[in-house]
Amino acid sequence: MFNREKADPGVQGEKLAAKWYRKKGGTILEQNFRTRQGEIDLIVWDGEFLIFAEVKTRAENAIAAPREFVTPAKQKRLILAAKGYLMQNPQAENLRLRFDVVEVVLAEKGRPKLQCIENAFTV
């Protein structure tokens with residue numbers, strides 16, 4: 001049987017990030033929310049902020065840190081996708097918003113390392 005999580009590091013990273021947000025008291029509202037403009041990996045309510053989280057997963061020997069792959073063009077697509085979410089969910093329009101980047105580094109041996117960069121960019 002094919003295990004997609006093991007085969008796809010991105011799926012593994014998103015599961016780890018969702019678990020981390022839940023452990024911090026957050027509620028996962030959406031996973032892989034898609035619009036024509038782009039996709040948001042996780043949308044989380046933490047009681048204070050509506051968080052739009054981009055999860056980047058890389059191997060520990062990757063050429064660059066995961067956060068470096070969230071380029072200005074990617075940020076623009078995430079902001080447009082977040083606006084799409086808010087249009088579909090008008091009850092969320094007046095909430096405080098935050099854009100996080102969650103870095104997951106998969107070690108060859110040992111546990112993955114996760115770092116959340118809160119408010120990594122703004123609108």
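Residues numbered from 1 in each chain as written. Predicted model: local features only at pLDDT ≥ 70, side-chain atom pairs only at ≥ 80, totals over all residues. Heavy atoms only, no water.

Caption draft 1: Geometry of the nonpolar core. Among the nonpolar cores identified, the biggest contains 16 residues, and Ile40, Ile43, Leu50, Phe52, Tyr85, Phe99 and Phe121 are the most heavily contacted of them. Listed by contribution, the elements that provide at least two residues to this core are strand 2 (39–45), strand 3 (49–59), helix 3 (72–88) and strand 4 (96–106). With six residues, helix 3 is the single largest residue contributor to this core. With sequence-adjacent residues up to four places away left out, phenylalanine 99 is seen in contact with Phe52, Leu78, Ile79, Ala82, Ile117, Glu118, Asn119, Ala120, Phe121 and Val123. By size, the runner-up hydrophobic cluster in this structure holds 14 residues, among which are Ala18, Ile28, Val55 and Val102. (Core = buried A, V, L, I, M, F, W, Y, C linked by side-chain atoms within 4.5 Å. Buried < 20%, exposed > 50% of the residue type's maximum accessible area, 1.4 Å probe, protein only. Helix = DSSP H or I, 4+ residues; strand = E, 2+ residues; numbered from the N terminus. Contact = heavy atoms within 4.5 Å.)

Caption draft 2: Molecular detail of the side chain of lysine 74. When you line up the elements, lysine 74 lands in helix 3. On the basis of relative accessibility, which here comes to 16%, the residue lysine 74 falls in the buried class. Those residues within four positions of lysine 74 in sequence are excluded, and the remaining contacts are Glu39, Glu54, Lys56 and Phe69.

Caption draft 3: Representation of the pairing of strand 5 (residues 113–121). With six bridges connecting them, strand 4 and strand 5 associate as antiparallel partners. Each residue of the ladder has a partner; that of phenylalanine 99, found in strand 5, is phenylalanine 121. In this antiparallel pair of consecutive strands, strand 4 and strand 5, the connection spans six residues, and glycine 110 shows a positive phi of 100°. (Pairing = 2+ DSSP bridges.)

Caption draft 4: Spatial organisation of the confidence of the model for the protein chain. Across the protein chain, pLDDT averages 91, with 94% of residues at or above 70. Low pLDDT (under 50) marks residues 1–5, which in the prediction has five contacts with non-local residues, meaning those over four places away or in another chain. (pLDDT = per-residue confidence, 0-100.)

Caption draft 5: How the structure looks around the packing of aromatic side chains. Scanning all chains against the criterion turns up five aromatic pairs. With centroids separated by 5.0 Å and ring planes inclined at 25°, the aromatic side chains of phenylalanine 99 and phenylalanine 121 adopt a geometry described as stacked. With phenylalanine 99 in strand 4 and phenylalanine 121 in strand 5, this pair connects stretches of sequence that are 22 residues apart. Taking the relative accessible area as the measure of exposure, phenylalanine 99 reaches 4% and is therefore buried. Residue placement shows arginine 58 over the ring face of phenylalanine 69; its charged tip is 4.0 Å from the ring centre. Geometry around phenylalanine 49 places arginine 98 over its ring, the cationic atom sitting 5.2 Å from the centre. (Phe/Tyr/Trp six-rings, centres within 6.5 Å; stacked < 30°, edge-to-face > 60°. Lys NZ or Arg CZ within 6 Å of the ring centre and 35° of its normal.)

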